[in-house]
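Breakdown of the fold
This is what each chain is made of:
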Amino acid sequence: MKKIIFMGTPEFSVNPLISLNNSDEINIELVITGEDKKRSRNKFESTPVKKKALELGLKVYTPLNVNSEESLSIIDEINPDFIVVIAYGQLIKKHLLEKYKNRIINIHSSLLPKYRGAAPMQWAILNKDKKTGVCSMLIEKTMDTGDVLDCDTVNIDEDTDISTLHDELSLRSGSLIVNTILNYDDKFVHRIEQDDDLASYSQKISKEMGHISFMENASDIKAKIMAFSVWPSTYVIYKDEKVKIHKIHIIDKYTNTEEGKIFEVSESGIFVNCKDKCIVIDEIQFPGKKRMDLRSFLLGNSIEIGESFN
């Protein structure tokens, strides 16, 4: 029986937690996750991992600092065979790295060494990659540089959005981490050192990155919409209002109208030329309003032909 401590916080980490808990050969001694966060009206909300761990009857610990003396004492008392870290949110420092050397396993949502850093799934979509995946890896002092133990690859295309990819990779992470732990000796012997020359860094996503410029190619605009569909979403400025664009389709450019200028509005969509083709906006959302398809939107609203999206 493999004795483990699980560290994770967001929804992405829940499927791996469930898979580890379901294994007859693995015992989760402790779940370490982020603190409850204050929401509206002084109400506190637990992390997705804490909610699931308590539902599964697992012991939960929510330290402000996982590297504190108290935290280290609790971890050392358990003395786990492995520490599994999946999107935990705190840096693992010297004591844990040294004492549990080669026993701290991380799941990272890209095919390393590509997309080290904070937002690998979004950047795989933004860059229109044909495949991505998840890796199990050893944790080192520097971010996402440890040896790779195993990978699971998934295909993606122009219609893959971040929500779909997130859920698929979370699911794949569950089977990957269980397989890695149960076959650790073999995985460790055949581990692959990352080639730093092939590495790329996936920078954190900001709200400003959601702005759409119609001077871009159509495929790049669609990739942005797919990558940012959950957060921060994509938007244009129309008559000084920030309008969210949720869904589009692409057709060949068939007018000489300048990029960004609206040249047709109908139940079929809002037609706007971009750098190489024509974007047809299918779903839109004005400030303070619900997300709507164009047919519903036009029942009580209008978009002016000749105006521009900036």
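As recorded by an unreviewed UniProt entry, the protein chain carries the name Methionyl-tRNA formyltransferase and is attributed to Helcococcus bovis. Its UniProt record gives the protein chain a comment under Sequence similarities (unreviewed entry), which states: "Belongs to the Fmt family."

**A few points about the overall build of the protein chain**
The helix and strand inventory of the protein chain stands at 9 helices and 17 strands. For the protein chain, the spread of C-alpha atoms along the three principal axes comes to 70 × 50 × 30 Å. Classification of the 310 residues of the protein chain by burial places 47% in the buried group. For the protein chain, contacts bridging at least 24 residues in sequence account for 66% of all contacts bridging at least 6. As displayed, the protein chain has an accessible area near 16,200 Å², and 46% of this comes from carbon and sulfur atoms.

**Things to note about helix α2 (residues 48-55)**
For α2, the full list of buried residues reads V49, K50, K52 and A53. Summarising the axial view, the buried residues of α2 lie within an arc of 170 degrees, below the 170-degree limit, and thus occupy one face. Among the exposed residues of α2, those pointing more than 90 degrees away from its buried face are L54 and E55. A positive phi of about 80 degrees marks G57, the residue just after α2.

**Looking at the packing of aromatic side chains**
This structure, assessed with the given rule, holds 7 aromatic pairs. Plain terms: the ring middles of Y238 and F309 are 5.6 Å apart, the flat faces sit at 65 degrees to each other, and that makes the pair edge-to-face. With Y238 in strand β12 (residues 234-238) and F309 in the segment after α9 (294-297), this residue pair connects regions lying 71 residues apart in the sequence. In this structure F309 comes out as buried when scored by relative accessible area, which is 4%. An angle of 15 degrees between the planes, with centres 5.3 Å apart, marks the rings of F286 and F297 as stacked. Taken as a pair, F286 in the loop between β16 (278-285) and β17 (292-293) and F297 in helix α9 lie far apart in primary sequence, 11 residues in all. Of the two residues, F286 and F297, both sit in the buried class.

**Quick word on the pattern of salt bridges**
A full pass over the atoms with the stated rule returns 18 salt bridges. For R191, the salt bridge is made with D147, and the minimal N-O distance between the two is 3.0 Å. Residue R191 is found in the loop between α7 (184-189) and β11 (201-202), and its partner D147 is found in the loop between β9 (131-138) and β10 (148-155); the two are separated by 44 residues along the sequence. On the basis of relative accessible area, R191 is assigned to the partly exposed category, the value being 34%.

**Points about the environment of S213**
Mapped onto the fold, S213 is located in the loop between β11 and α8 (218-227). Relative accessible area serves as the criterion here: at 27%, S213 is assigned to the partly exposed category. Expressed as a C-alpha distance, the spacing of S213 and F309, which sit 96 residues apart in the sequence, is 8.4 Å.

**So, the nonpolar core**
Among the nonpolar cores identified, the biggest contains 64 residues, and F6, L20, I181, F214, I270, I281 and F309 are the most heavily contacted of them. With 7 residues, the single largest contributor to this core is helix α6 (residues 162-182). Setting aside residues up to four positions removed in sequence, F214 forms contacts with I221, V236, E259, G260, V272, N273, C274, K275, I279 and F309.

**Describing the side chain of H246**
Within the element layout of this structure, H246 appears in strand β13 (residues 241-251). Owing to a relative accessible area of 14%, H246 belongs among the buried residues under this scheme. When near neighbours in sequence (up to four residues on either side) are disregarded, H246 contacts I225, E283, I284, Q285 and R291.

**Considering the UniProt feature "binding site: (6S)-5,6,7,8-tetrahydrofolate" (unreviewed entry) in the protein chain**
When the UniProt feature table is mapped onto this chain numbering, "binding site: (6S)-5,6,7,8-tetrahydrofolate" (unreviewed entry) sits at S110, L111, L112 and P113. Mapped onto the fold, S110 is located in the loop between β7 (104-108) and β8 (116-117). For S110, a relative accessible area of 0% translates into the label buried. Setting aside residues up to four positions removed in sequence, S110 forms contacts with Y115, P120, T132, G133, V134 and C135.

**As for the pairing of strand β1 (residues 2-8)**
Counting buried positions along β1 gives 5 out of 7 residues, so the element sits mostly inside the fold. Across 6 bridges, β1 lies against strand β2 (residues 26-32) in parallel orientation. Across the sheet, residue I4 finds its bridge partner in β2, namely I28. For the crossover that starts at β1, traverses helix α1 (residues 14-22) and ends in the parallel β2, the hand is right-handed. Two elements, β1 and strand β6 (residues 82-86), share 5 bridges in a ladder whose sense is parallel. Within β6, the position partnered with G8 by the bridge is I86.

About the criteria used
Residues numbered from 1 in each chain as written. Predicted model: local features only at pLDDT ≥ 70, side-chain atom pairs only at ≥ 80, totals over all residues. Heavy atoms only, no water. UniProt positions renumbered as here; feature names shortened; annotations may be inferred. Helix = DSSP H or I, 4+ residues; strand = E, 2+ residues; numbered from the N terminus. Buried < 20%, exposed > 50% of the residue type's maximum accessible area, 1.4 Å probe, protein only. Contact = heavy atoms within 4.5 Å. Areas by Shrake-Rupley, 256 points an atom, 1.4 Å probe, with all protein chains shown as cover. Arc of directions from axis to C-beta. Phe/Tyr/Trp six-rings, centres within 6.5 Å; stacked < 30°, edge-to-face > 60°. Salt bridge = Lys/Arg side-chain N within 4 Å of Asp/Glu carboxyl O. Core = buried A, V, L, I, M, F, W, Y, C linked by side-chain atoms within 4.5 Å. Pairing = 2+ DSSP bridges. Right-handed = clockwise from strand over helix to strand, strands pointing away.

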